[in-house]
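The residues making up each chain are set out below.
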Amino acid sequence: STSPVKVAVTGAAGQIGYSLLFRLASGALLGPDTPVQLRLLEITPALKALEGVVMELDDCAFPTLDSVEIGDDPNHIFDGVNLALLVGARPRTKGMERGDLLSANGAIFTGQGKALNDHAADDVRIGVTGNPANTNALIAMSNAPDIPRERFSALTRLDHNRAMSQLATKTGSKVTDIKKLTIWGNHSATQYPDIFHAEIGGQNAAEVVGDQGWIADTFIPTVAQRGAAIIEARGASSAASAASATIDAARTWLTGTPEGDWASMAVCSDGSYDIPEGLIYSFPVTTSNGEWQIVQGLEIDEFSRGKMDATAQELIEERDAVKELGLI
Ligand code: NAI
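Everything quoted here is computed from the prediction, not taken from an experiment.

Enquirer: Break down the domain arrangement of the chain for me, citing the residues and quoting the values.
Expert: We note that the domain assignment places domain 1 (5-154) and domain 2 (157-318) within the chain. For domain 1 versus domain 2, the separation of C-alpha centres amounts to 23 Å. Domain 1 puts 26 residues into the contact, and the matching count from domain 2 is 24 residues. For the side of domain 1 that touches domain 2, the secondary structure elements donating two or more residues are α1 (15-25), β4 (83-86), β5 (125-128), α5 (133-142) and β6 (152-154). Residue composition of the side of domain 1 that touches domain 2, grouped by class: 15 nonpolar, seven polar and four charged.

So this is what it looks like as structure tokens:
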């Protein structure tokens, strides 16, 4: 077996945590030969519930689970971590203004960014799932000046997986036949799920679909509003699928994309595709050896350009709002 990997999870006593921890502990991230050390962060009032979750982790007797540590101090929990999955965030509650939401989350992600900066392992990679994920990642990144910017990413893999599933159903294909799908932009209703460069069994996906109306009026809104549809049906927001995507994203980052495919990851823009530099924006990326690269040279038509710019505009506004609050 290889040396253990130290994985921090924040918001570990929450809904997503309840699915995520068991998958991580059972080896879903790096396989059965890599021992996992879990470092779980919660706010003080949730520590008792987290102790209960740890009792259940114990009761699974997972061979890959090397150790579990819990606490409410990010400086301690992030000590030496190789991977930090930032899931915990302040949800929007009734009557909460957008500015209140941004500042509540700002406090969380400035503190966690600093703690990661000071205590994480040199090879740390940070994936942000907690919403607003892109802007939370921007805040953490901006408060961790010693960690290379490439080490921060926000989760759009759930959107990517949702798009794969919708496209497979529409075309009667298998998700394994679909390659090169892209989520552009923000993990929000303005995201742009793009199938114009995607392939189904080697054929262009948009041509296989052959119905621009379906793409514009059904596919894109269904993917972008899937989170709301889950809440409507389940009475609670998506959790198991979010946990699964969180693991997919981290595994892809650490172990690489397969030849002839790519993944969607919200990363710090370098100006590719005229997306303003410094925004945490979802791009098509290939990964290898723990590094990502934005796929270059895709042709962008007018329809795509409009949608890519609209979601960038929303991220600019979020960035300006947190700048105004002094969070970045
Ligand atoms: P939840 O409310 O069940 O759990 C969140 C947990 O975070 C709570 O246990 C809370 O005590 C904890 N927490 C709050 N502040 C914290 C802090 N400063 N440090 C550590 N822990 C803290 O929420 P759930 O359903 O698990 O979702 C978590 C987040 O993930 C939400 O922001 C949600 O909107 C987001 N999400 C993102 C998705 C994506 O695709 N990017 C998909 C689904 C959810």
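Once the structure has been displayed, the description carries forward.
Enquirer: Requested: an account of the nonpolar core, with residues and values cited.
Expert: Residues Val7, Val9, Ala84, Leu116, Ala137 and Ala140 are the most contacted members of the largest nonpolar core, which totals 93 residues. Looking at this core, you find at least three residues from each of domain 1 (5-154) and domain 2 (157-318).

Enquirer: Explain helix α8 (residues 212-224) to me, using residue names and the numbers behind them.
Expert: Over its 13 residues, α8 extends 17 Å from the first C-alpha to the last, a length consistent with the 18 Å expected when each residue adds 1.5 Å. Every buried residue of α8 is listed here: Ile215, Phe219, Val223 and Ala224. Looking at the buried positions of α8, the neighbouring elements they touch are α6 (157-171), β9 (192-194), α7 (205-209) and α9 (226-234).

Enquirer: Please give an account of helix α2 (residues 47-60) that cites residues and values.
Expert: Look at α2: 20 Å from first C-alpha to last across 14 residues, which is about the 20 Å you get at 1.5 Å a residue. Of the residues trailing α2, alanine 61 is marked for its positive phi of about 50°.

Enquirer: Help me get a handle on the sheet that holds strand β11 (residues 203-204), residues and values and all.
Expert: Reading across from one edge, β7-β10-β11 is the order of the three strands in this open sheet, with antiparallel pairing throughout. Of all the strands in the sheet, just β7 (178-179) and β11 have a single pairing partner and so form its edges. When β7 meets strand β10 (residues 199-200), the two strands line up antiparallel, connected through two bridges. Pairing of lysine 179 across the sheet is with glutamate 199, part of β10.

Enquirer: Please provide a residue-by-residue account of the UniProt feature "binding site: substrate" (unreviewed entry) in the chain, values included.
Expert: UniProt's entry tags Arg92, Arg98, Asn131 and Arg162 with the feature "binding site: substrate" (unreviewed entry), counted in the numbering of this structure. These annotated residues cover 71 residues of sequence, and their C-alpha atoms reach 26.4 Å apart at the extreme, placing them across more than a single site. Along the chain, arginine 92 falls in the loop between β4 and α4 (98-119). A residue is classified by how many C-beta atoms lie within 10 Å of it, and arginine 92, with 15 of them, is partly exposed. Note on placement: asparagine 131 falls in the loop between β5 and α5.

Enquirer: Account for the environment of aspartate 248, with residues named and values stated.
Expert: Mapped onto the fold, aspartate 248 is located in helix α10 (residues 240-255). Between the alpha carbons of aspartate 248 and alanine 107 there is a distance of 28 Å; along the sequence they are 141 residues apart. In this structure aspartate 248 touches Arg157 and Asn161, once residues within four positions along its chain are discounted.

Enquirer: Give a description of the UniProt feature "domain: Lactate/malate dehydrogenase C-terminal" (unreviewed entry) in the chain that names residues and reports values.
Expert: If you check UniProt for "domain: Lactate/malate dehydrogenase C-terminal" (unreviewed entry), the listed places come out as residues 156-323 in our numbering. Segment residues 156-323 splits into 48% helix and 18% strand. End C-alpha atoms: 23 Å apart.

About the criteria used
- Residues numbered from 1 in each chain as written.
- Predicted model: local features only at pLDDT ≥ 70, side-chain atom pairs only at ≥ 80, totals over all residues.
- Domains from an automatic or database assignment.
- Contact = placed C-beta atoms within 7 Å.
- Helix = DSSP H or I, 4+ residues; strand = E, 2+ residues; numbered from the N terminus.
- Nonpolar A, V, L, I, M, F, W, Y, C, P; charged D, E, K, R; others polar.
- Core = buried A, V, L, I, M, F, W, Y, C linked by C-beta atoms within 7 Å.
- Buried ≥ 20, exposed ≤ 12 C-beta atoms within 10 Å, placed from the backbone.
- Expected span 1.5 Å × (residues − 1).
- Pairing = 2+ DSSP bridges.
- UniProt positions renumbered as here; feature names shortened; annotations may be inferred.

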